Structure formats: C-alpha cells, structure tokens
Amino acid sequence: MRKKLLLLAVMTASFAMAQDLPENPQPGKCYVRCTTPDVYVNETETITLKPAYKVLKTVPATFKTVTERVEVKAAGKKLTVVPEKWGTETVTYVSKQGGNTLRITPASFRPSSETIEIKPAYAQWELGAAAPDCESGNPDDCRYWCYKGYPAEFTTVDTQVLGVDASTSKTPIGSKNASYTKRVLLEPARVIEEVIPAEYKTITKTVLDKDAYTVEETIPAVTKTISKEVLKQKGGLTTWKEVECSLVEYQALPINWNLGSATLTSAAKRIIDTRLLPVLSQNPGVKLEIASHTDVRGNATSNQDLSERRAKAVADYLISKGINSSLLVANGYGENKTKNRCKEGVSCTEREHAVNRRTEFRLINN
C-alpha cells in the first residue's frame, strides 16, 4: 500500500503543472489521464483512368453477277419486191454500279492526371523530452505535451481523356458503262411480206448487292478504386480513469522471441490476445507503452535496433486488431536497462541473461 501511495504522489507532482488532477481521488488508488482518439473510417472512391470510347469497323460492299436476255435484232419483215432497209443503234447500259469505300480515323487520347487526398491532415498530442534539470528518476516526470499537426497526404493518378473520337470518311467508287449494237428496221419491205423474227443475246452485268456499312463496338471505361481515410469523429477530450495500480508499473509480456528475430509467432500473438487486448478493452482511451529489452551480449547498436523492432511488431499487431495507433507507444531500450548485475564484461549464467531479455508493458498518461 505504501508503494502505491508513493506512486500516486509522484504522478500528482509530475502532472500538477500540466493540467488539473482527478476530482475526489481516493487514497491508495491509481489514475491515468485518457484522451479520446480521433476516429477514422475507410472510404473508397472510383476514378476513371480511361473513358469509354467506340471502335468502328467497316464491312465492304458486296456485288453479285446477274444475266439478262436482251434483244439485239428486232423482228421485221422481208419484202420480195422492195427489200427492207436496216440501220444500227448503239444501246448503252450500266455494266457495274457505283458504291463507296469507307476509311476509319481511330479515336485519339491525351494524357491527364487526377490528384486524390488519401489521408486528411490531423493533429495529436505528443509527449516531449524530460526537462534537463529534472531530479526525478522516473522517465515520465518533468515532461510536457505538444499538440503536433501532420499534413494531409495526396496521390496523383495518371489518366487519359478522349481527344478526338473515331470517325469515318467515304470515297465513292465510280460505276462502269458498256454498250451493245442492234439493228433496227428503217423501212419495211413492200409487196411481198416476209416476217423476220427478232434476235436476242444474253449479257452479264455486276450489280450492288449490299453497300458498305460500319459496325460500332463500345469499349468500356477503365476505372480504379482508391481507399482513403476520412475523419469520422474528432477526439481530444481529456478524462481521468482509475486503473489497477499494478498496470502503471511494468508488467511482463512473456513472449519468447526467436534469436535475432522481431517477427511475432502464433504463440506470441495468442499471448497478446489474452494478456494485452483485455487490458486495453477494459481501459478505453488509456495509452499503453510497450517496452522491449535485450541482454548485454552482442553489439549495443544491433541490440537497440532489435529491441525497437520487437516493440514495434507488438504495436503493429495491436493496430491490426483495431487499436488506435495514437494510444500506443513502442520503445526499445536495447541493453540499457538491465535488471541484475549483468553488464558489459561481467560473466553471467544463461538464466541471468534471460532476465534482461524481456518485453514489458504499462499504462501511461495520455
């Protein structure tokens, strides 16, 4: 109980200069400051990368050949006394009818672009560095809060717009003429009359069966769906919440990391699900620190980097479970905070090294 009362007193002195303290605090109780987070939702927006357009195809004209029986010599009469007189006549006919050919001018496009806001601007409270003249050994004492803003994020998508649509032009095909000659009666015979039968001839000609025409095909538009974050509810309201006093001190998170790895195993994820998620669920709006440590063996820089990556791996997993990132602080301390005598140059057992190789968590003020 004395330890808990001392912790409450230290917290009270630490935050008295920053903001109001909890109303009506009870002796022996522990409190943390909570700030409601900004709530974002994901929305999708569909943009047109390339508009719909049409493609024209031509079907050429078709022709057919027909035969026709024509008269090349008319019927007449032959006179015995005075023979008939004949003349000739040239008859002109269309041997091939005219038509058209079609020429396609395809559609053309010109480049364009569209800029989409994928993440709006936002701001959040961030904890600053401790004052240099702070006499307390607690890293959270003598620190101040800054409300830091971050700009919106945009992305530019290349698109195409229709410049000139497809069109057709016609070129006429001229018709062809031919002629034939026939004899015609100029003067009939007289006195003796003899009937001269007409003469016929079969001719061949090409006629238009179906003129050229255009087939139109519509090419659908090309679109892209972009996901973006939209602020649904603004946070920033500050409240005090009573929590278990043990949760404001570092608690062990018994994750067995693979050697040199910062990847969470299935067993590690189950530990987070059963140990951390209930704490955050029971204390909504409270900020959580994840602290990772290594033993003193190996390079100090590598140990620092490994501890930071392990702490970040736990935070990223909590975010994937729906925890707001503004409520998580991932700190890697490397080999700087050993819990026993094991320092550089000191011979220790494997069990003693294992004590320092740990991941912990605690509730901190928001």
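Owing to the predicted nature of the structure, the values given are computational and were not obtained by experimental measurement.

Cut-offs used in this document
Residues numbered from 1 in each chain as written. Predicted model: local features only at pLDDT ≥ 70, side-chain atom pairs only at ≥ 80, totals over all residues. Heavy atoms only, no water. Core = buried A, V, L, I, M, F, W, Y, C linked by side-chain atoms within 4.5 Å. Buried < 20%, exposed > 50% of the residue type's maximum accessible area, 1.4 Å probe, protein only. Helix = DSSP H or I, 4+ residues; strand = E, 2+ residues; numbered from the N terminus. Contact = heavy atoms within 4.5 Å. Disulfide = S-S within 2.5 Å. Salt bridge = Lys/Arg side-chain N within 4 Å of Asp/Glu carboxyl O.

Student: Give me the nonpolar core: which residues, what numbers.
Tutor: If you look at soluble globular proteins, the nonpolar side chains tend to sit buried side by side. Residues Ile255, Leu264, Ile272, Leu276, Leu288, Val314 and Leu318 are the most contacted members of the largest nonpolar core, which totals 26 residues. Breaking this core down by element, the ones donating at least two residues are strand E1 (30-35), helix H2 (266-282), strand E20 (287-293), helix H3 (300-320) and strand E22 (359-364). If we ignore the near neighbours within four places in the chain, the residues touching Leu318 are Ile272, Leu276, Leu277, Leu280, Leu288, Ile290, Ile323 and Leu328. By size, the runner-up hydrophobic cluster in this structure holds 5 residues, among which are Val70, Val91, Tyr180 and Ile203.

Student: How would you summarise the state of the cysteines if you had to cite specific residues and measurements?
Tutor: All chains considered together, the criterion is met by 1 disulfide. Bridging Cys342 to Cys348, the disulfide has an S-S length of 2.2 Å. Because the sign of the S-S torsion sets the handedness, a value of about -130° for the bond joining Cys342 and Cys348 places this disulfide among the left-handed ones. Taking relative accessible area as the criterion, Cys342 reaches 0% and is therefore assigned buried.

Student: Tell me about the pattern of salt bridges, residues and numbers included.
Tutor: Per the counting criterion, the structure on display carries 17 salt bridges. The partner of Lys85 in a salt bridge is Glu187, with the nearest N and O atoms 3.7 Å apart. Placement of the pair is Lys85 in strand E6 (residues 85-96) and Glu187 in strand E13 (residues 176-187), with a sequence separation of 102 residues. Owing to a relative accessible area of 49%, Lys85 belongs among the partly exposed residues under this scheme. Overall, the relative accessible area of 25% leaves Glu187 in the partly exposed class. With a shortest N-O distance of 3.1 Å, Arg297 and Glu350 are connected by a salt bridge. With Arg297 in the loop between E20 and H3 and Glu350 in helix H4 (residues 350-356), the pair connects residues that are 53 residues apart, well separated along the chain. Taking the relative accessible area as the measure of exposure, Glu350 reaches 44% and is therefore partly exposed.

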